[in-house]
Structures are given as C-alpha cells and as structure tokens.
Amino acid sequence: MKTTAKKLTTYGNLALVQVRVETGTGFLFKPAGPEIKSGGLILSEYTGEGVVGKLLALNNSGSYLLLTDADVLVGAKQNRVLNKSMLLAPGTKTAIDVSCIERLRWNYTSENFSSPDSVANPDLRTEKARVLFRITDDAEEPKPETQQAVWSHVRESIREKGYQCKTESYADLIKNDMDRAAGDFPVCEPEEGCNGLAVILDRKVFSIDLFGREEVYGYYFNMLRDSAFRMARRVKSQKQPDHHEAYYKVIEALDDFEAAERRPENNYPGSGSFSIVETEGSVGFELTHSGQPVHVAVFAK
C-alpha cells in the first residue's frame with residue numbers, strides 16, 4: 001500500500017502519527033454512531049433474556065454502516081464492546097459478537113444500546129485481539145478466554161486508577177479518566193488528506209487504525225486520539241521519537257502487515273470480507289468490501 005506519514009503529535013511516553021494510505025476508488029459506507037443516535041441503527045440484546053457474547057443489529061438506514069472493534073455500547077442489560085469490526089448492509093438484521101465490559105450488572109437500564117462519544121483504549125483492544133484472533137476461523141462463538149481477558153483488563157484498569165465502581169463499568173472509567181485528564185491533552189486535530197492513525201508507545205508501534213474513507217476517519221479521529229492519550233504516562237525524562245523515526249516505524253509496520261498472509265474468516269456475519277492478519281510483531285484484521293478497504297486494525301503482540 002502507498003503510505004505517507006503526515007503529522008506527529010507527542011504526549012508523555014506516547015506519540016500519534018497520522019497517515020494517508022491510498023485506498024483506490026473507495027467503497028461508500030458511513031460510521032454507525034450517528035445512525036444509532038438517530039434510530040437508523042437499532043442495537044439490542046440478542047434475546048429478551050440476553051446473551052452476554054452476542055447482540056442484534058437492525059440496520060433500518062439506506063447505507064452501509066461500520067461498527068468498529070473499538071466501539072463501546074452502553075445500556076440494555078450490560079455495557080459491551082465489539083469483538084471485531086462489523087459492516088452492516090442496508091435493511092439487514094445481523095448478530096454481532098461482543099464482550100461484556102460491565103461485569104457486575106445484568107439488568108435492563110434501557111431497551112436498546114446507545115453509543116457514547118468515546119471508544120475503548122488501544123490497550124484493551126490489543127488484549128482482546130491477542131486472544132480473539134487465536135480462535136480458528138470456523139469457531140461459531142468467541143471462546144470464553146476472550147471474555148475473561150476483557151474482564152481481567154477492565155478490573156485491573158479500575159484498580160490501578162483507584163476508581164470506585166459498583167458494576168465495574170469500563171464506560172464509567174473512560175468518563176472518569178476524561179473528566180480528570182482531558183484538559184492536559186495537547187492540541188491534535190485530524191490532518192487533511194489522512195485516513196489512518198498510528199499509536200507509538202515507548203517508541204514502539206502499538207496500534208494502527210486505517211479507514212477506507214477519510215470522512216469515517218474524521219468521525220473516529222477525536223475518539224481514537226483521546227483513547228490513546230488516556231494511556232500516556234507523563235515522565236519528565238521521557239525521550240520522544242522525532243518525526244523521521246516515528247514515520248519510518250509506522251510505514252515499516254504497515255509494509256509488514258500488507259505483505260503478511262490473510263486468513264479469511266469464513267463465518268463472518270457482516271457484509272464484506274473479514275481476514276485475520278499476523279506478522280512477527282503484530283496481529284490484526286482487514287475488513288474489505290468489493291476489494292476496497294473498510295477498516296484495518298493492527299496491534300502489537
């Protein structure tokens with residue numbers, strides 16, 4: 001893939017690199033968040049009694065809608081996070097795989113799910129991906145290890161932050177972190193022409209998100225930026241990579257990812273094609289439709 005790194009922003013032990021990746025003519029799709037808020041996309045429990053690892057998505061809109069593996073869903077019987085990105089075709093009903101991020105609640109607070117203005121941090125997404133993508137592609141359900149890994153990560157994050165929460169709600173932890181730290185975040189706006197964001201932690205590429213449309217990148221940018229900043233540690237002696245080092249590392253990681261073998265997931269329930277990709281140093285996925293990229297995510301092993 002033809003990649004150009006265009007913007008570097010540093011904060012503590014973390015650096016963000018915005019990139020432009022040539023994606024061809026482009027396939028038209030939209031982020032699901034606005035449609036959830038307007039009622040064009042309805043997300044509900046899979047059954048009235050609920051199933052922890054599965055939800056039901058009803059796309060009443062006339063557009064293809066993207067839900068990403070970072071999307072946090074709030075409400076119904078307990079809050080969830082998607083296990084993998086999903087492309088929902090217009091007028092379809094789709095079962096989506098999720099993990100619980102609110103271990104100590106199992107009662108309705110709303111009929112359907114809402115989508116807050118935040119996404120899961122890269123460390124939770126990475127932990128989830130490391131476990132989930134060891135699952136064989138003929139598995140019909142996420143293995144229990146995936147949910148256990150998510151619960152363990154959420155519980156440990158709450159403990160480290162000293163945050164008190166009766167239901168162990170990851171969404172509440174995000175809100176608490178934003179209330180305390182958002183004012184310290186550096187100015188960082190989406191760069192024109194970019195459609196990807198890389199996170200460098202302790203001078204190593206930690207995660208990368210690429211979108212097939214710049215408009216969708218623009219929608220997710222602020223949430224992905226803040227989710228990365230929430231992980232940063234402020235160390236006075238921290239040495240940050242310069243833009244030459246940062247750009248080189250990100251482009252190298254993407255080149256390795258592009259060259260790696262794709263393992264198609266045969267039972268992917270959404271629209272398009274979903275493939276798991278693994279390199280020596282990373283694991284991730286590639287979601288495409290009609291040969292065009294929709295969402296690509298790369299996570300350090």
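Numbering of residues begins from 1 in every chain and follows the order in which that chain's sequence is written. In keeping with the predicted nature of the model, local features appear solely for residues at pLDDT of at least 70, side-chain atom pairs appear and are counted solely at 80 or more, and the whole-chain, interface and lining totals rest on all residues. Each side-chain value is worked out from all heavy atoms of the structure, with water and hydrogens disregarded.

Participant: Mind showing me how you'd approach empty space enclosed by the protein here?
Facilitator: Left-over empty space is what a probe sized like a water molecule reveals as it rolls over the atoms. Put simply, the grid is 1 Å and covers the protein atoms alone, a cavity is a trapped set of points that fit a 1.4 Å probe, a pocket is an open set with protein on both sides within 12 Å along at least five of seven lines, and lining residues have an atom within 4 Å of a point. Grid points are joined across faces, edges and corners, and a volume is the space filled by probe spheres set on the points. Under the defined criterion, the tally for this structure stands at 1 cavity of 30 Å³ or more. Estimates place the volume of the largest cavity at around 50 Å³. Around the largest cavity, the lining residues are Pro122, Arg125, Leu197, Val199, Ser207, Asp209, Leu224 and Ser227. Breaking the lining of the largest cavity down by element, the ones donating at least two residues are helix H2 (122-132), strand S12 (196-201), strand S13 (204-211) and helix H5 (214-229). Note that Gly is not counted as nonpolar here; it falls among the polar residues with everything else outside the nonpolar set of Ala, Val, Leu, Ile, Met, Phe, Trp, Tyr, Cys and Pro and the charged set of Asp, Glu, Lys and Arg. Here the residues of the lining of the largest cavity are counted per class, giving 4 nonpolar, 2 polar and 2 charged. A run of DSSP states H or I qualifies as a helix once it reaches four residues; a run of E qualifies as a strand once it reaches two. Both are numbered from the N-terminal end.

Participant: Just checking my understanding: could you explain the side chain of Ser44 for this structure?
Facilitator: Within the fold, Ser44 resides in strand S4 (residues 41-45). Setting aside its immediate chain neighbours within four residues, Ser44 contacts Leu55, Leu56, Asn112 and Phe113. The criterion used for residue contact is that any of the two residues' heavy atoms lie within 4.5 Å.

Participant: What is the right way to look at H2 in this model?
Facilitator: The α-helix winds at 3.6 residues per turn, so residues separated by three or four positions along the chain end up facing the same way. Residue exposure (1.4 Å probe, protein chains only): buried if accessible area is under 20% of the type maximum, exposed if over 50%, otherwise partly exposed. Judged by how many residues are buried, H2 sits mostly within the fold: 8 of 11 residues are covered. If you check which residues of H2 are buried, you get Pro122, Leu124, Arg125, Thr126, Lys128, Ala129, Val131 and Leu132.

Participant: What should I look at first to understand the sheet that holds strand S6 (residues 65-67) in this one?
Facilitator: By definition, the strands of a sheet pair up through backbone hydrogen bonds, in either a parallel or an antiparallel sense. Two strands pair under a simple rule: DSSP has to find at least two bridges between them. The 3 strands are arranged S3-S6-S9 in an open sheet whose pairing can be described as mixed. What marks the edges here is a single partner per strand, and that holds for strand S3 (30-31) and strand S9 (86-88).

Participant: Even after reading the chapter, I still don't get the environment of Glu214, so can you show me in this structure?
Facilitator: As for its position among the elements, Glu214 is in helix H5. For the pair Glu214 and Thr288, spaced 74 residues apart in sequence, the C-alpha separation works out to 15 Å. Residues in contact with Glu214, not counting those within four places in the same chain, are Arg20, Glu191, Glu192, Gly193, Cys194 and Asn195.

Participant: Looking at this structure, I do not really get the pattern of salt bridges. What am I missing?
Facilitator: One side chain can pair with another of opposite charge once the charged atoms of both are near each other. Salt bridges, as used here, are contacts in which a Lys or Arg side-chain nitrogen is within 4 Å of a carboxyl oxygen on Asp or Glu. Within the structure shown, the criterion is met by 20 salt bridges. Residues Lys301 and Glu278 are paired through a salt bridge, measuring 2.7 Å at the closest nitrogen-oxygen approach. Taken together, the positions of Lys301 in the segment after strand S17 (292-300) and Glu278 in strand S15 (residues 273-278) put the pair 23 residues apart, joining distant regions of the chain. According to the relative accessible area criterion, Lys301 is partly exposed, its value standing at 46%.

Participant: How should I be thinking about the side chain of Asn83 in this particular structure?
Facilitator: Structurally, Asn83 can be placed in the loop between strand S8 (80-82) and S9. Since its relative accessible area comes to 2%, Asn83 is described here as buried. A polar side-chain atom of Asn83 sits 2.7 Å from a polar atom in the side chain of Ser99. Between N or O atoms, a polar contact is any pair within 3.5 Å; within protein, one atom must be a potential hydrogen donor and the other a potential acceptor, and residues adjacent in sequence are included only when both atoms are from side chains.

In short, shape yes, function no, at least from these values alone.
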